[in-house]
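Each chain, letter by letter, is given below.
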Amino acid sequence: MLDFSTLVPGPLATLLLVDAGADVIKVERPGRGDEMRGYEPKAGPDGIGFALLNRGKRSITLDLKAPDAVDRLMPLLRTADVLVEQYRPGVMDRFGLGYQALSAINPGLIYCSITGYGQTGPKAAAAGHDLNFVADSGMLSLAAGADGAPVLPAVQVGDIGGGAYPAVVNILLALLQRNRTGRGCHLDIAMAENLFAFQYWALGIAVAGGQGPRPGGELLTGGSPRYQLYRTADGRFVAAAPLEDKFWENFCTIIGLPDDLRDDARDPAATIQAVAAAMASRDADHWRAAFAGKDVCCSIVSTMQEAMADDHVAARDLFARGLVVDGRTVPAVPTPIAAGLRGDKADVGYPALGEANGLLDQTNPEARG
């Protein structure tokens, strides 16, 4: 695989495929490389984010604007199974590396373009980041704080859920198709539009009711006591999701909710207020113990450190793979590749900038004339 991408979407997509055994060659700018190499916090000479997302890959550096760039890449372009890029539409064509040009010399190439808004349409050339894609898809409007303002997403759902994961799914489907037809294809991965699938329930409300869901007013946006975050006496939070009646009845019994408030359809706001008061009367450890082993669909909101140290996570060996950074091993990003489909590599490092430039010195008499 040839990876021309930077930041998160493409690098995470190719990381997933590295864990499944793919050989990924990352093409970077001379001198600086991927922007994430310079991001804080650092772990050794490069940003830890870069190291985590580029584990197990190789790096070459090349100025794609140079007159001989395509010629130098030709040996790799002729033999690559997959190419991933996330430039704006038309940029790779200007480099001489567009799909039409490369499919002529490598008909089986799977060419995956990841952009914010796709290869066509009025927004195709628009610049954007994760927050813009979440905003344009309507997702950002679904979660609001106490003042009614949208809440900044805690994760890069556009980059990952709208970009990296759909890219992997489509690359694998394209490879299956190539097995039947012998032909590659151009995959158009648009991050903003791929976020609509996450909002199937919101789409349903908009279609059935003629208006979009209200932040703080629907079942999954804060309008129900059965799907809420409740503050505890020590300032922690309970994530309560006892949606089904059997879970709700168990939950109400444990917290001692009065019978007249258990019919939450009658006055949801009053029930929310009563549940909030009950949650605030005890600390997080009390509720953790009270809910343990019970069917209530409730969790104490964990910090990242707590989540990584969870006994269940340890039992599942989620962080069994390591990333070697600056002579020490740290936990690698757990990718959703099933154990039976993973490659053999365990603890591996990430590429130094241009460490595999020897690949560009391969001779190719046909390409060089």
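Scoring rules and cut-offs
Residues numbered from 1 in each chain as written. Predicted model: local features only at pLDDT ≥ 70, side-chain atom pairs only at ≥ 80, totals over all residues. Heavy atoms only, no water. Axes fitted to C-alpha atoms, helices over the stretch in contact; angles between N-to-C directions. Helix = DSSP H or I, 4+ residues; strand = E, 2+ residues; numbered from the N terminus. Parallel < 35°, antiparallel > 145°, perpendicular 65-115°, else oblique. Left-handed = near helix turned anticlockwise from the far one by under 90°. Contact = heavy atoms within 4.5 Å. Nonpolar A, V, L, I, M, F, W, Y, C, P; charged D, E, K, R; others polar. Core = buried A, V, L, I, M, F, W, Y, C linked by side-chain atoms within 4.5 Å. Buried < 20%, exposed > 50% of the residue type's maximum accessible area, 1.4 Å probe, protein only. Arc of directions from axis to C-beta. Polar contact = N/O pair within 3.5 Å; in protein donor to acceptor, adjacent residues only side chain to side chain. 1 Å grid on protein atoms, 1.4 Å probe; cavity = no way out; pocket = protein on both sides within 12 Å on 5 of 7 lines; lining within 4 Å. Points joined across faces, edges and corners; volume = space filled by probe spheres on them. Pairing = 2+ DSSP bridges.

Draft legend 1. Seen up close, the packing of helix 1 (residues 9-19) against helix 7 (residues 157-181). Direction vectors running N to C along helix 1 and helix 7 enclose 45 degrees, while the axes themselves pass 8 Å from each other. It follows from the interaxial angle that helix 1 and helix 7 lie oblique. At the point where helix 1 passes helix 7, the crossing takes the right-handed sense. Between helix 1 and helix 7, the contacting residues are Pro 9, Leu 12, Ala 13, Leu 16 and Leu 17 on the first element and Asp 159, Ile 160, Ala 164, Tyr 165, Ala 167, Val 168, Ile 171 and Leu 172 on the second. Of the residues assigned to the contact of helix 1 with helix 7, the class counts are twelve nonpolar, no polar and one charged.

Draft legend 2. Structural view of the nonpolar core. Formed by 43 residues in total, the largest nonpolar core has its most connected members in Val 84, Cys 112, Ile 114, Ile 171, Leu 187, Leu 323 and Val 325. Those residues within four positions of Val 325 in sequence are excluded, and the remaining contacts are Ala 43, Ile 48, Ala 51, Val 330 and Tyr 350. Counting 24 residues, the second largest nonpolar core, distinct from the first, contains Leu 2, Ile 60, Leu 77 and Leu 97.

Draft legend 3. Inspection of unusual backbone geometry at higher detail. Glu 40 connects to Pro 41 through a cis peptide bond whose omega is -5 degrees. As for its placement among the helices and strands, Pro 41 is situated in the loop between strand 2 (25-28) and strand 3 (42-43). Of note in the backbone geometry, Cys 297 takes a positive phi value of approximately 55 degrees without being a glycine. Tracing the backbone through its elements, the reader meets Cys 297 in the loop between helix 12 (284-291) and strand 11 (298-300).

Draft legend 4. Region of the structure containing helix 12. Three or more residues of helix 12 are buried, namely Ala 284, Trp 287, Ala 290 and Phe 291. When helix 12 is viewed along its axis, its buried side chains cluster within an angular range of 130 degrees and face the same direction. Of the residues in helix 12, the exposed ones pointing more than 90 degrees away from the buried face are Asp 285 and Ala 289. A side-chain oxygen of the first residue of helix 12 lies 3.3 Å from the backbone nitrogen of Asp 285; this N-cap is Asp 283. Where helix 12 terminates, the next one or two residues include Gly 293, which has phi positive at roughly 75 degrees.

Draft legend 5. Representation of the layout of surface pockets within the structure. Reported here for the largest pocket is a volume of approximately 1,100 Å³. Around the largest pocket, the lining is made up of 30 residues, and of these Leu 142, Ala 143, Ala 144, Leu 220 and Thr 221 lie nearest the centre. Within the residue set of the lining of the largest pocket, elements represented by two or more residues are strand 9 (228-231) and strand 10 (237-240). Split into classes, the residues belonging to the lining of the largest pocket amount to 24 nonpolar, six polar and no charged. Surrounding the second largest pocket, 35 residues form its lining, Thr 6, Leu 7, Glu 35, Gln 86 and Tyr 87 being those nearest its centre. Contributing elements (two or more residues each) for the lining of the second largest pocket: strand 2, strand 7 (110-115) and helix 6 (130-136).

Draft legend 6. Highlighting the pairing of strand 9. Taking every second residue as pointing to the same face, the buried face of strand 9 carries Gln 228 and Tyr 230, while none of Leu 229 and Arg 231 on the other face is buried. The pairing of strand 9 with strand 10 spans four bridges and is classified as antiparallel. Paired with Gln 228 across the bridge in strand 10 is Ala 240. Counted between consecutive antiparallel strands, the loop separating strand 9 from strand 10 contains five residues, among which Gly 235 sits at a positive phi close to 80 degrees.

Draft legend 7. Highlighting helix 1. Where burial is concerned, most of helix 1 is hidden: eleven out of the eleven residues are buried. Positive phi shows up at Gly 21, right after helix 1, with a value of about 105 degrees.

Draft legend 8. Region of interest: the sheet that holds strand 9. The three strands lie next to each other as 9-10-11, forming an open sheet whose pairing is antiparallel. Each end of this open sheet is capped by a strand with a single partner; those strands are strand 9 and strand 11. Sheet twist, expressed as the mean angle between neighbouring strand axes with direction ignored, is 25 degrees. Taken strand by strand, helix 12 contacts strand 10 and strand 11, and its axis lies near 145 degrees from that of strand 11.

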